[in-house]
Each structure stands twice: as structure tokens, then as C-alpha cells.
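Remarks on the overall topology
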Amino acid sequence: MNTSYRTHTCGELRPSHIGQTVTLCGWVQKDRDLGYILFLDLRDRYGITQVSIKSDEQAELYEKVAKFGREFVISVTGKVVERESKNNKIPTGHIEIRPDEITVLNPAKLPPFLIEDETDGGEELRMEYRYLDIRRPKVARSLMIRAKMMQAVREYLTGQEFLEVETPYLIKSTPEGARDFVVPSRLHHGTFYALPQSPQILKQLLMVAGVDRYFQIVKCFRDEDFRGDRQPEFTQVDCEMSFVSQDDVLSTFEGMTKHVFRQVAGVELPDFQRMTYKHAIETYGSDKPDLRFDAKFVELNEQMKGTDFGVFNNVIDGNGLIVGIVAKGCASYSRKQTDKLIKWVKDPQIGGTGLVFVKYNEDGTVKSSVDKFYDEAHLRRIGEHAGAEPGDLLLIVADKLKGKARKVLGQLRLHMARQEGWIDESKWSVFWVVDFPLFEEDEETGSLTFAHHPFCMPRPEDLEYLYSDDPNDRKRVTAQSYDMVMNGNEIVSGSIRVHDRKVQDKIFEILGLTDEDKEAKFGFMLRAFEYGAPPHGGCAFGFDRWAMLLAGEKTIRDVIPFPKTAGGRDLMMDAPAGVPLDALGELGIQLLEE
């Protein structure tokens, strides 16, 4: 780090440097003026070093520094000495600088919030002044973790003979499951480019082109409705391989994930479990369950029969589902606590119709919210089936729609884990979910749509169902697709791709595309398949979400240098913004009144 301005960084000096004369540059974090001695904390992205000035020894320098404000950019030249009052919480806490010279490189206005890990600035204010927010050590550390991850990804993939290839940002609009951002063409009025939601088609064409192994750390774009912790632009580690099976892909990228954890976090991950989509949904109510805690689902239709409880009888008669989880150690819940849970389940955002609970008390008694219909012996049998022990609380939901019952209970499972502290934050749960359905029903229209995307290859044994005219057969088609789940977050999504034009044509036909649609949207891709497309597959890592987990943050905005708000706005640059009418005219665009 030796430059014309500095010899060391603010995070570099140790007791071994004592006696050396050094020059540091950085920002004034804060100062503490005790009257006879002034302490100044100097910060850069590498750390903090304390500077001390005694009033009786350096009166002129003391008076000068006392006038500095927070965030002044300064240069300090002086001797490294042992610190009297040591700070074991920071790497430089055993030394300090006794300065000979301090130069103001640039004064600063008082920032609108504290530039510290625990700041007094709200998120919107910090995003408006993001260049100040990034100075906070917490944010700087997150960006350094992100950079180390990129380095580790490139190191691993280049070592595996992957070729880093850049694909274009201005492409043709194609259906990927979300709206495209469109870019008008000035030279061809009435036509538009699209910003890529992913390089999916392009990387498949690279396989047709014989590239064999491709990767790219790439920006992607989705014009989605406002959805909490999403960004209109995000980063993927995008990968594709030729002449591979599903096992080959999973093995390769399990290796890459372990390598990144080892290099960045010093964590050795065990071999990844492989769980089927069906098992994940039926056992946890989610295709991305958090396995850092247990609480598996227990189906209770048979156990709940034989009473006059109409709610459960109607669910059973309607081929619905009654399902529960055991909340370990929660039998002591008060009426207020159980009422709060019932209210939470009935919240429209959760979508539940109600909640039944059974308390298996420490004293051996059993109490429930349905005592009127189930005697104690019946409730004990239910508890034995569910694996409940004295002190446990059994939580039960029911619905005529099995998928809805599982989804509601899956959300309740997570809610209880967070509320009761079931999750060990020091643990990592990383595994594969495999065997996703190729198609799923659109909830509004009932028509089939793709579960992942329309380029997933069906399992060979399911091809007969693909060509069946029975829609129910088509629902049975399982794709060679897979997700990696990390602490309850989908981090990777991928598949073995269709490389046969006939199969791709059939999938497009089932999705309702006419020959004209196929030609207009995908003609170039289908033609490429006629020139010798190899079997191929790959995946894409959600890099921002992965960085968030490794940095220990709660939102991806904390690991993106210049993020957008949940509403898709850049508060710092005030974007999106209008453009002059003459510029729109050059593009052949006229704005309509709302």
C-alpha cells in the first residue's frame, strides 16, 4: 500500500511496527478531547488506527486537530508506539500513532448520520447518501466479502476449464417469467431491445457453438412489481456445461460452493444432501426449507377422524389435508400467546383459515382448542403419532387445498423458529432440491405454465407423458431441474437443458405458443438446435443473496454497492427520472396522459 500519500493502511499496523515512522491517510472517525490529551480515530476501509496528541508536548498541533470535524480527510505522519489503554476488539488496538505532522487533505461537512456500525441514519437516508454509508466499517466489510467471493468463484471455475464469456445487455425480449426492461431504438423507430433477465438462451447457444464450459458474473434485470427484498437489477454467477448429466452439474457446483465457503468464511461444508421437490413440499411446506432446525410436518387426516368436528370432517371429505408440527417446549403458551398465533395464521398475507392447538403439559394432562370434540385419550393418540412429548405444543392447520395447508404451515414453522430461537445462526444448511415438475397450473387461468423455465429437459422416463394429450399426464412430467437451498434461501436454480428441437417444439406447444410465436420469439434458437446441439446443462447462482448470507446481513441491499429501494428507486441519483421531450422525439416516443 506504499504510495506517494501513505506507507500503510489504517488496519495494518501491529506491535511489530513499534518504533517505525509511518504515514497514514483516511477519514476522521471521531475524536476524544480530554483536555490534556486528544485521541483521534483515523479510518479507511481496512480498519481504524488511534492517533494521540498531548497538549503539553504538541500544543500547536493539539489546537489544530481540535478544530477537525468528523469525516475530514487527513494525512498523519508519525511514530508507532505501544498503546497504554489497549483495545482487544480491533486488530490495531495494541498500538497508536504519535504524530509529527498532520495535513488536512480535504475538510468535510458534518454528515447527516453517524458513520459507524450502529448508525442513527434510517435506510432511506443512508441510501440517499450511499457514498457515506459505504464508509461504515460494516458495509465496507460486506463489499470486501462480496469481492472475495467473486475472486474465489473465478479461481475455481477457471481451474475447472470454464471460459469467462460476456454476453450482450441489449437483446431481444423473450418470456422468462417476469417483465422485461425495454430499451427503445433511435435508429429503428418502433422497435425495442430488452435488458436480459438472464443470459439463458445465449449461454445455450454458446454450448451449440462448442464453448463447452462457460461462466459469467453478470448483471440481470427484471421489471417486477415491488416485492420487498428484490432488486430490479441483480448479479448472477451464470454457468453452463456440455456433455454432462445432472449429477455432473451438481457435483461441479457443490465443489464451487465448498471452495467459496472455505476461501471466504473458513468454513468446511459437508457433502450436500439431495432432497426431492415432493419430499420438501410434503415435509416442510416449501421448496426451500431451512434445515437448521427440525419441526417436520405430520399428516393427521386419519388421526382426526371419528368425531363431530365439522371443520376437519369437511376437509377430509373434500380430499383436503390436516397437517401439524410439534413446537418443542411450548406447552406453557398462555391463552394470549395462542390467540396471537391464531391471529397471525389468519392474516391475509399468510392466508390460513384457522389454527388448532393441543398442549401436552409437563404434568401429563392434555388440553386443546377442540376439547369439545376430542377426548383426552384421542388427543394422546394424536400426540403419539406426531411424536409430541410432555411440554410440547402441537399446532395443526387444515384446508381443502392441500398445497395451501402446507404453505400456511410452512410459514408458521418458520415463524415459530424465529420467535422461539430454534435457529442456530452459527450453522449452515446447504443442500440440493431436485426433481421439480416441468409444468405447474396457473392459479388464475388453470392453464399450464413452466415451473422453472421452458428450456428444462424432462426426465427420459417422462417423455411419454409430455406427448400425451391428457393434461393430467403432462402434470406428471418431472424436469431434470434442481435448486440449491442455503439457510432457507434459494441460491442456485438450474437444469439439464432441452437440446432436441422436437422436444422444445412440444414444450412450446403445450405452453400455448403458435408456430408464428415460436418463430418470432425463438426461431434463432430452434434453428441452432438443427446444427448439432450437444447435451448440456447449467445453473445460475443468486450472487447478491449468497453474499448477504456470507456477510451475515438481513437484506441484499446491504451487500450491493448502490442498491435501489423496495420501490425500485435510486434515491441517491433520483432515478428513474424524466427525459427531455426532444430526446423522446428522437426515439419516436410520445407520452400519453394518465
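What comes next is a walk through the structure. As the structure is a computational prediction, the values presented were derived from the model and not from experiment.

Procedures and definitions
Every chain's residues receive numbers from 1 upward, in the order its sequence appears when written. Local features in this predicted model are restricted to residues whose pLDDT is 70 or higher, and side-chain atom pairs enter the listing and the counts only when it is 80 or higher, whereas totals over whole chains, interfaces and linings include all residues. Heavy atoms throughout the structure, all of them, feed into the side-chain values; hydrogens and water do not. Numbering of helices and strands starts at the N terminus; helices are DSSP runs of H or I of at least 4 residues and strands are runs of E of at least 2. Residue exposure (1.4 Å probe, protein chains only): buried if accessible area is under 20% of the type maximum, exposed if over 50%, otherwise partly exposed. Contact between two residues is taken to exist if any of their heavy atoms lie within 4.5 Å; hydrogens are not considered. N or O atoms within 3.5 Å of each other form a polar contact, as long as, within protein, one can give a hydrogen and the other can take it, and as long as residues adjacent in sequence are counted only when both atoms are side-chain atoms. Remark: nonpolar core denotes a set of buried residues (Ala, Val, Leu, Ile, Met, Phe, Trp, Tyr, Cys) joined through side-chain atoms within 4.5 Å. Here a cavity is any set of points on a 1 Å grid over the protein atoms alone where a 1.4 Å probe fits but cannot get out, and a pocket is any open set with protein on both sides within 12 Å along at least 5 of 7 lines; a residue lines the site when it has an atom within 4 Å of a point. Grid points are joined across faces, edges and corners, and a volume is the space filled by probe spheres set on the points. In this analysis, strands are considered paired if DSSP registers two or more bridges between them. Each residue after the first adds 1.5 Å to the expected span of a helix.

Let us look at the overall build of the protein chain. Within the protein chain, the regular secondary structure consists of 17 helices and 22 strands. The principal-axis extents of the C-alpha atoms in the protein chain amount to approximately 90 × 75 × 55 Å. Counting every position in the protein chain, which comprises 594 residues, the buried fraction comes to 48%. Considering only contacts in the protein chain between residues 6 or more positions apart, those separated by 24 or more positions represent 66%.

Turning next to the side chain of T257. One can find T257 in helix α6 (residues 246-265). Owing to a relative accessible area of 0%, T257 belongs among the buried residues under this scheme. Reaching out from T257, the side chain makes a polar contact with the backbone oxygen of F253 at a distance of 2.8 Å. Every residue in contact with T257, bar those within four places of it in the chain, is listed here: L269, F272, M484, M486, F541 and W546.

Let us now look at the side chain of D41. Following the sequence through the fold, D41 ends up in strand β2 (residues 37-44). Taking the relative accessible area as the measure of exposure, D41 reaches 10% and is therefore buried. Of the polar contacts made by the side chain of D41, one reaches the side chain of R32; its length is 3.2 Å. Residues in contact with D41, not counting those within four places in the same chain, are W27, V28, Q29, K30, R32, I48, T49 and Q50.

To continue, consider the nonpolar core. Formed by 55 residues in total, the largest nonpolar core has its most connected members in L157, V237, F253, M256, W432, F541 and W546. Counting residues in hydrophobic clusters, the runner-up holds 22 residues, among them M304, I322, V358 and Y360.

The next subject is the environment of H452. Along the polypeptide, H452 turns up in the loop between β19 (448-450) and α12 (463-466). When the C-alpha atoms of H452 and E440 are compared, they prove to be 9.4 Å apart, with 12 residues separating the residues in sequence. Once residues within four sequence positions are removed from consideration, H452 is found in contact with F436, S481, Y482, D483, S493 and G494.

Tallying each qualifying case throughout the model produces two cavities of 30 Å³ or more. The calculated volume of the largest cavity comes to roughly 40 Å³. Taken together, G352, T353, G354, V397, A398, D399, K404, A405 and V408 form the lining of the largest cavity. For the lining of the largest cavity, the secondary-structure elements that each account for two or more residues are β16 (392-399) and α11 (402-420).

Read from one edge of the open sheet, eight strands run β6-β9-β10-β22-β21-β20-β17-β11, paired in mixed fashion. Looking at the sheet topology across the chains shown, the edges are occupied by β6 (163-164) and β11 (273-276). Strand direction decides the pairing type here: strand β17 (residues 430-434) and strand β20 (residues 481-486), joined by five bridges, are antiparallel. Along β20, the bridge assignment pairs V430 with M486.

The next subject is the sheet that holds strand β14 (residues 356-360). Pairing between sheet strands relies on hydrogen bonds along the backbone, with the strands arranged either parallel or antiparallel. Pairing is antiparallel in the open sheet, where five strands are placed in the order β12-β13-β16-β14-β15. Two strands bound the open sheet, and with one partner strand each, they are β12 (298-299) and β15 (366-368). As judged from the five bridges shared by β14 and β16, these two strands associate in the antiparallel manner. Each bridged residue has a counterpart across the sheet, and for V358 the counterpart in β16 is L394.

In this model, α11 (19 residues) spans 27 Å end to end at C-alpha, consistent with the 27 Å of a helix rising 1.5 Å per residue. Regarding α11, the residues found buried are A405, R406, V408, L409, G410, L412, R413, M416 and A417. Close packing links the buried residues of α11 with α7 (277-284), β12, β13 (321-327), α9 (335-346) and β16. Immediately downstream of α11, the backbone of G421 shows phi near 70°, a positive value.

What is shown is where atoms sit, not what they do.
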